[in-house]
Amino acid sequence: MYQKILLPLDLNEEASWERALPTALALCHTFGASLHLVTVLPDYRMPLVGSYFPADFSEKAHKALTDAQHAFVQQHIPSDITVQCAIAEGSPWEAIIDTAKKLDIDLVVMASHNKRKFADYVLGPNAEHVVHHSKMSVMIVR
């Protein structure tokens, strides 16, 4: 049923994956699907923001994030799962949807973990936007 499963991953926020990862792995095992991890970096190249960072900041951030993703895979993903890592930039929910489209993802599995206001408590702002704007299936894990 599913061939490619996308798991958004915030390496600084364990709540972004601690419950969603086991679900994504179970689905990968069940359907023989590949797992695609995406981590979103803020867009530091905007003129207003970019002037405060060194010119090579984006490259260094990408390198550090790539290394962190590979360490995450080594620690948390079983060797029998085919896994691919991606880094996207911009708004988290837009980057998740764009990455899912580019990779031809069948299912996005993501956690809901932000509790700032009632709507965020029920779903989470990024999860809510992905659900409402995505054309592919989305599974929210609580």
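Residues numbered from 1 in each chain as written. Predicted model: local features only at pLDDT ≥ 70, side-chain atom pairs only at ≥ 80, totals over all residues. Heavy atoms only, no water.

Chemist: Before we go on, may I ask you to explain the sheet that holds strand 4 (residues 107-111) in this structure?
Modeler: Hydrogen bonds between backbone atoms are what pair the strands of a sheet, whose relative direction is either parallel or antiparallel. Reading across from one edge, 3-2-1-4-5 is the order of the five strands in this open sheet, with parallel pairing throughout. Two strands bound the open sheet, and with one partner strand each, they are strand 3 (83-89) and strand 5 (137-141). The average angle at which neighbouring strand axes cross in this sheet is 25°, direction not considered. Note: strand 1 (residues 4-8) against strand 4, two bridges, orientation parallel. Paired with Leu6 across the strands is Val108, a residue of strand 4. Across the sheet, helix 3 (residues 57-76) is in contact with strand 2 (34-41) and strand 3; its angle to strand 3 comes to roughly 150°. (Pairing = 2+ DSSP bridges. Helix = DSSP H or I, 4+ residues; strand = E, 2+ residues; numbered from the N terminus. Axes fitted to C-alpha atoms, helices over the stretch in contact; angles between N-to-C directions. Contact = heavy atoms within 4.5 Å.)

Chemist: Help me understand unusual backbone geometry in this model?
Modeler: Working note: non-glycine residues mostly have negative phi, and peptide bonds are mostly trans. We note that Asp104 has phi near 55°; this positive angle belongs to a residue other than glycine. Relative to the elements of secondary structure, Asp104 occurs in the loop between helix 4 (92-102) and strand 4.

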